[in-house]
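Coordinates in review
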Amino acid sequence: MIVLRSPKPFLRALSGQVQDIPPIWLMRQAGRYLPEYRAVRAEVGGFLDLCYDPDRACEVTLQPIRRFGFDAAILFSDILVLPHALQQKVWFVEGEGPKLEPLRDASDLAILQPDAVLGHLRPVFETVAKLNAALPMETALIGFAGAPWTVATYMIEGGSSRDFAKTKIWTYRDPDSFQRLIDILVDATADYLVAQIDAGADAVQLFDSWAGALDEAGFRRWSLEPAKAIVERVRARHPDVPIIGFPRAAGPLYMDYAAETGVTAVSLDQGLPAEWAARTLPRDVVTQGNLDPMALLAGGTALDRAVDHILQAFDGRPHIFNLGHGIIKETPPDYVERLVARIRRATS
Ligand code: 1CP
């Protein structure tokens, strides 16, 4: 691993450098818990309109950077712009979340149009370029995409799901056609991430939020292998750009994911014991995350204890401070400020 001398602490951590004060950013750091986000959100119609509006998307990406001085900004967009770019119908219902016209069986795969993807996503690349110019020089810019498995669950369930029944039954009954969907998503996701890096992203993160719903064989085939294929393709074009994988709730299978996909770093959910992760994960794979988002919402001394536990557990390893999943929208912004201060030792 080459240890970078970058002005960006986030990139130094990803190059393997252990820092006295770990860099910090939070998943979903732009969003509804911030009043200034809600104000911009109210100016546009649908949520997707915000994702495709480079000026406003840039503004909401910068809001948490201005307020908290995080070490990294994450492009404001959503994992579901990819199925939308593949020409599946996608919309967001206020208070309910994402809706998609679901793929019901293999014959529906014909709806998907891979050639349309990069053209459709041009406004997102414009946002990346604007952010690259606007961010302070010490702040890294993270691009992202949903991992094929997680995106496929939305495409097949038609939105959020509790048990992913339709998707899982499809994988068991007709793995060959499910593999065709995953292959389409691997190609489109790799192209999408490469284009974000071309536009100015310093690093990329692959969100496999529902990896924990898979059994071991399913995890290998639908989460680990697609991640490995995406890493290979992105590396072929951008060998030095760090890639963070987030196979959320994968438990001990984090080990295989970290060892076999080729990712630079793994983002850890809060269910993974910190000491186990610090002891067991390969030394050359950087770690990120692990703080329970509910501990941040709760605040107080329990939050301080949870933070100190993570700092202690990952002491001596390159670690990026973050949550185990996205910030909860009821989180008081003051608690985020207190968290950043504690990490940077501005308070006792
Ligand atoms: O109108 C609104 O404000 C809707 C809320 C919202 C926001 C702020 C959604 C709808 N998406 C986003 C932005 C977003 N989504 C970002 C960029 C902002 C940032 O991180 O600061 C990112 C990285 C995502 C990623 C995302 N979207 C994931 C993966 C991470 C995770 O949280 O697991 C997933 C699963 C989605 C789908 C999605 N988007 C939005 C909703 C309500 C959902 C469904 C979540 C679910 O099924 O539980």
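In what follows, the structure referred to is the one given above.
The text that follows walks through the structure, step by step, so that each part is easy to find. (Residues numbered from 1 in each chain as written. Predicted model: local features only at pLDDT ≥ 70, side-chain atom pairs only at ≥ 80, totals over all residues. Heavy atoms only, no water.)

1. Side note on the sheet that holds strand 6 (residues 243-247)
Strand order in the open sheet made by the seven strands is 1-4-5-6-7-8-9, with parallel pairing throughout. Two strands close off the open sheet at either side, each with one partner strand: strand 1 (72-74) and strand 9 (319-320). Note that strand 5 (residues 203-208) and strand 6 share five bridges and pair parallel. Bridge pairing in strand 6 links Q205 to I244. Seen against the sheet, helix 10 (residues 175-199) touches strand 4 (140-146) and strand 5 and runs at an angle of roughly 165° to strand 4. Across the face of the sheet, helix 11 (residues 216-237) comes into contact with strand 5 and strand 6 while running at roughly 170° to strand 6. (Pairing = 2+ DSSP bridges. Helix = DSSP H or I, 4+ residues; strand = E, 2+ residues; numbered from the N terminus. Contact = heavy atoms within 4.5 Å. Axes fitted to C-alpha atoms, helices over the stretch in contact; angles between N-to-C directions.)

2. Points about the packing of aromatic side chains
Between two aromatic rings, the relevant description is the distance of the centres plus the angle of the planes. Using the criterion set out here, one finds twelve aromatic pairs in the structure. Centre to centre, the rings of F164 and W210 are 5.5 Å apart; their planes meet at 40°, and the pair counts as tilted. Here F164 is found in the loop between helix 8 (148-157) and helix 9 (165-173), whereas its partner W210 is found in the loop between strand 5 and helix 11, with 46 residues between them in sequence. On the basis of relative accessible area, W210 is assigned to the partly exposed category, the value being 23%. Pairwise contacts between aromatic rings join Y37, F47, F76 and F92 into one cluster. (Phe/Tyr/Trp six-rings, centres within 6.5 Å; stacked < 30°, edge-to-face > 60°. Buried < 20%, exposed > 50% of the residue type's maximum accessible area, 1.4 Å probe, protein only.)

3. Some thoughts on the layout of surface pockets
Within this model, the largest pocket holds a volume of roughly 1300 Å³. A class-by-class count of the residues in the lining of the largest pocket yields 20 nonpolar, eleven polar and seven charged. (1 Å grid on protein atoms, 1.4 Å probe; cavity = no way out; pocket = protein on both sides within 12 Å on 5 of 7 lines; lining within 4 Å. Points joined across faces, edges and corners; volume = space filled by probe spheres on them. Nonpolar A, V, L, I, M, F, W, Y, C, P; charged D, E, K, R; others polar.)

4. Some points on the site of the ligand
Surveying the vicinity of the ligand reveals 22 residues, the closest of which are Y37, R41, Y154, S160 and S209. Contact between the ligand and R32: an oxygen atom at 2.9 Å from a side-chain N or O atom of the residue. One of the side-chain N or O atoms of Y154 is found 2.5 Å from an oxygen atom in the ligand. Across the complex, the protein chains shield 86% of the 890 Å² of accessible surface that the ligand would expose by itself. With respect to the pocket detection grid, the ligand is positioned in the largest pocket. Split into classes, the residues belonging to the shell around the ligand amount to 13 nonpolar, five polar and four charged. (Near = heavy atom within 4 Å. Polar contact = N/O pair within 3.5 Å; in protein donor to acceptor, adjacent residues only side chain to side chain. Areas by Shrake-Rupley, 256 points an atom, 1.4 Å probe, with all protein chains shown as cover. Sits in = over half its atoms within 2 Å of the grid points.)

5. Here we look at the packing of helix 10 against helix 11
Closest axis-to-axis distance for the helix 10/helix 11 pair is 9 Å, and the angle between their directions is 35°. Once helix 10 is placed against helix 11, the crossing between them reads as right-handed. Grouping the constituent residues of the contact of helix 10 with helix 11 by class yields 13 nonpolar, two polar and six charged. (Left-handed = near helix turned anticlockwise from the far one by under 90°.)

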